[in-house]
Amino acid sequence: MTKRADPDRFTVTKDALLPGIFFALLVRWCVAAYPYSGYRKPPMYGDFEAQRHWQEITVHTPVTTWYHNTTQNDLEYWGMDYPPLSAYHSLLMGLVADWLDPESVRLFASRGYEDDSHKTFMRWTVFLSDLYFYATAVLCICIDAERVRAKETKWVFKRTDLSTILFLLYPGLILIDHGHFQYNCVSLGLFLWATFFIIAIENDVLATIFFVFALNYKQMELYHALPFFIYLLRKCFIGIPPRSKFSHIVHKFNKLAVAVISCFIIIWYPFTKSWDNISQLVHRLFPIKRGVFEDKVSNIWCFVNVFVKLKDVYTNEEMARMCLVATAAAALPSCIDLFLRINKKKFVLCLINVSLAFFIFSFQVHEKTILLVAIPVALHLPEDPFMCFWFLLISTFSMLPLFLKDGLLIPFICTNVIYICFYSICVKLAHPNSDFLSFFSANRIDKIVRPNQHENSVLMTLLSTNFFFSFICMIWLIVAAVFIPPPVSYPDLPALLISVFSFCHFVLFFIYFNYQQFSMPMCLPVPQKAKTK
């Protein structure tokens, strides 16, 4: 008589896990060898100088003046415009930098500091932040994806090793954080941890705490705030006992409210000595005067601006109100559906739809903001690999003008080739008879995810054809942007073409992912029960 299987036990496919993780980290370090934003471009330099300057300011000035214009803190020169948790992170790194190389953070004298040893130090701070916050969250999420996979299925995109490597090899985040130079891996890592506590652990309090941390690191996490709020609020009404219904709901809601308020109090406490500090901080986080978009971002306002110069017609305040109404109108249907027909998979799709609505319609959008959409899409990739892979390629491509400006063309090409090759390997493992270009076939990819279902062959052929031509157009636009000089009278033409091309894709993806969410049935989260022997 055999032993009875423990239902809580599961196996993790880890054949390629360690080599794959090391390879993803190696790719990051290779990209870091290339130039960063603003390299040798005085007087303002770029984002690298902004991060270094914030270390300088946080180390040498009082905390209450970090967001104020003073004789020691010129807000016109990369003034702090991220929430307090990001400032504390800069302070921590600044203290280490001051210990290793005091000249790198010396007040005023260190502006434009580009010593090789300091560049290496700054690259290490991003690398370790990525490893500590982002990579660990990705690994845990991918382990959980394989845990809940049906044992009889051979779903390669839910294998822990393959899904982790594919997630970590996403080119967009690697190029922005380790090439261009930013710390998006921290806020996105905290966001992924919050998502993990919802979809895997079902610990709403921890999910709330980690999302508040993410929001207090970068205010752009507001893109994800509505799905978290709706999902956690709706869960307060689940598992209600027959008696004391109202008190049960209030108790669950109060736990989440206490977690939010206490986290905000702890993080914002140094700035609460006066209302002036708080109002100035909020003003720095949401600067209306910057305008509706920066550079040639792939959203609707940049597209409309081609035909109607918005700055000549509307004030920034009027544009902000228009953006608010448009964003709310685009995001609310997805949120309402999540509340009425709650489902963990709907939660991930709602993250995609709401963040994409914010990207397309909201105020003060930058090219890099597409990462806030791309990470939820990468999270959803095992469920819908064909469309998600297509989106992730477009999202990276939409930032090409920024990468060209930073001298990151070679890393852009290499990281995308690596990503496509590994995706093709995953397809090959699922279908040994397939060739390298099988990733163009929507029908073949769909059979990996749904082997027993047969989708409309005409629709699959149409999707495959569109993806192929989209891919070819991306290649031609890259070649044109690199080798064909734009007309003198239209110097921004290549960036504009890339922006419009990407925007058209994002609109279609927005429609598609909304359709996917609304076509999914409700599935209530199962209340956790105490285990007994």
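In case you missed it, the structure is sitting above this.
Bear in mind the structure is a predicted one, so any value in this text is a computation, not a measurement.

**Student:** Pulling in residues and values, what's your account of the overall build of the protein?
**Tutor:** Each helix and strand in the protein was counted, giving 22 helices and zero strands. In terms of overall size, the protein behaves like a compact globule, its C-alpha atoms giving a radius of gyration of 24 Å where 533 residues would be expected to give roughly 24 Å. If you line up the protein on its principal axes, its C-alpha atoms span 80 × 65 × 50 Å. Per-residue burial over the protein gives 54% buried out of 533 residues. The long-range fraction of contacts in the protein, counting pairs at least 24 apart against all pairs at least 6 apart in sequence, stands at 77%. About 25,100 Å² of surface is accessible on the protein, with carbon and sulfur atoms providing 67% of the total. Charged side chains of the protein number 46 positive and 39 negative; the gap between the two group centres comes to 11 Å.

**Student:** Got a sec to walk through unusual backbone geometry? Specific residues and values, please.
**Tutor:** Note that the residue after Pro42, namely Pro43, is joined by a cis bond; omega there is 10 degrees. With respect to the element layout, Pro43 can be found in the loop between α1 (17-31) and α2 (47-60). Its identity is not glycine, yet Phe108 carries a phi of approximately 70 degrees, on the positive side. For Phe108, the location among the structural elements is in the loop between α3 (84-100) and α4 (116-147). Here Gln364, not a glycine, exhibits a phi torsion of approximately 60 degrees, which is positive. Along the chain, Gln364 turns up in the loop between α15 (344-361) and α16 (371-380).

**Student:** Can you tell me about empty space enclosed by the protein, naming the residues and giving the values?
**Tutor:** On inspection of all chains with the given rule, the structure shows two cavities of 30 Å³ or more. By volume, the largest cavity is sized at about 60 Å³. As for the largest cavity, its lining consists of Gly291, Val292, Leu310, Lys311, Tyr314, Asn316, Met319 and Phe363. Of all the secondary-structure elements, those providing two or more residues to the lining of the largest cavity are α13 (310-313) and α14 (316-340). In the lining of the largest cavity, the residues fall into five nonpolar, two polar and one charged. Computed from the structure, the second largest cavity encloses a volume of approximately 40 Å³.

**Student:** Describe in detail the nonpolar core, supporting the description with residues and values.
**Tutor:** By size, the foremost hydrophobic cluster in this structure holds 147 residues, and its most contacted members are Tyr134, Phe157, Leu192 and Phe391. Apart from the residues lying within four places of it in its own chain, the contact partners of Phe391 are Leu356, Ile370, Val373, Ala374, Val377, Phe506, Phe509 and Phe513. Met80, Ile278, Leu281 and Leu285 belong to the second-largest nonpolar core, a separate cluster that totals 15 residues.

**Student:** I'd like a description of the side chain of Asn73, backed by residues and values.
**Tutor:** Of note, Asn73 is situated in the loop between α2 and α3. The class for Asn73 is buried, based on a relative accessible area of 1%. Engagement of the side chain of Asn73 in a polar contact is seen with the backbone oxygen of Thr65, the distance being 3.1 Å. Within the structure, Asn73 has its side chain in polar contact with the backbone oxygen of His68 (distance 3.1 Å).

**Student:** A description of the packing of helix α6 (residues 171-181) against helix α7 (residues 184-201) should follow, citing residues and the corresponding values.
**Tutor:** One way to put it is that α6 packs onto α7 with a least axis distance of 9 Å and a crossing angle of 135 degrees. When the interaxial angle is binned, α6 and α7 end up oblique. Contacts between α6 and α7 involve Leu173, Ile176 and Asp177 on the former and, on the latter, Asn184, Cys185 and Leu188. Partitioned by chemical class, the residues of the contact of α6 with α7 number four nonpolar, one polar and one charged.

**Student:** How would you summarise the pattern of salt bridges if you had to cite specific residues and measurements?
**Tutor:** Taken as a whole and judged by the stated rule, the model has 14 salt bridges. For Lys344, the salt bridge is made with Glu202, and the minimal N-O distance between the two is 2.5 Å. Pair noted here: Lys344 is in helix α15 and Glu202 is in the loop between α7 and α8 (204-217), with a separation of 142 residues, a long-range link. For Lys344, a relative accessible area of 24% gives the class partly exposed.

**Student:** Explain helix α10 (residues 245-268) residue by residue, including any values.
**Tutor:** The terminal C-alpha atoms of α10 lie 35 Å apart, and with 24 residues this matches the ideal 34 Å at 1.5 Å per residue to within 8%. Residues of α10 that are buried: Ile249, Lys252, Leu256, Ala259, Cys263, Ile267 and Trp268. Elements that come into contact with the buried residues of α10 comprise α3, α8, α9 (225-235) and α11 (275-285).

**Student:** Talk me through a nonpolar patch on the surface; I want residue IDs and the actual numbers.
**Tutor:** A surface patch of nonpolar side chains, amounting to about 610 Å² of accessible area, comprises Ile475, Trp476, Val479, Val482, Phe483 and Ile484. Mapped onto the elements, Ile484 comes out in the loop between α21 (457-483) and α22 (493-518).

**Student:** Explain the packing of aromatic side chains residue by residue, including any values.
**Tutor:** On inspection of all chains with the given rule, the structure shows 55 aromatic pairs. An angle of 65 degrees between the planes, with centres 6.3 Å apart, marks the rings of Phe439 and Phe471 as edge-to-face. Taken together, the positions of Phe439 in the loop between α19 (409-430) and α20 (442-449) and Phe471 in helix α21 put the pair 32 residues apart, joining distant regions of the chain. The pair formed by Phe439 and Phe471 is uniform in burial state, with each residue classed as buried. Here the aromatic rings of Phe440 and Phe467 are separated by 5.3 Å at their centres, their planes lie at 50 degrees, and the arrangement is tilted.

Reading guide: rules and limits
Residues numbered from 1 in each chain as written. Predicted model: local features only at pLDDT ≥ 70, side-chain atom pairs only at ≥ 80, totals over all residues. Heavy atoms only, no water. Helix = DSSP H or I, 4+ residues; strand = E, 2+ residues; numbered from the N terminus. Rg over C-alpha atoms; globule rule 2.2 N^0.38 Å. Buried < 20%, exposed > 50% of the residue type's maximum accessible area, 1.4 Å probe, protein only. Contact = heavy atoms within 4.5 Å. Areas by Shrake-Rupley, 256 points an atom, 1.4 Å probe, with all protein chains shown as cover. Lys, Arg positive; Asp, Glu negative; His and termini not counted. Charge placed at Lys NZ, Arg CZ, Asp CG, Glu CD. 1 Å grid on protein atoms, 1.4 Å probe; cavity = no way out; pocket = protein on both sides within 12 Å on 5 of 7 lines; lining within 4 Å. Points joined across faces, edges and corners; volume = space filled by probe spheres on them. Nonpolar A, V, L, I, M, F, W, Y, C, P; charged D, E, K, R; others polar. Core = buried A, V, L, I, M, F, W, Y, C linked by side-chain atoms within 4.5 Å. Polar contact = N/O pair within 3.5 Å; in protein donor to acceptor, adjacent residues only side chain to side chain. Axes fitted to C-alpha atoms, helices over the stretch in contact; angles between N-to-C directions. Parallel < 35°, antiparallel > 145°, perpendicular 65-115°, else oblique. Salt bridge = Lys/Arg side-chain N within 4 Å of Asp/Glu carboxyl O. Expected span 1.5 Å × (residues − 1). Patch = residues over 30% accessible without salt bridge, like charges linked within 9 Å, V, L, I, M, F, W, Y side chains within 5 Å. Phe/Tyr/Trp six-rings, centres within 6.5 Å; stacked < 30°, edge-to-face > 60°.

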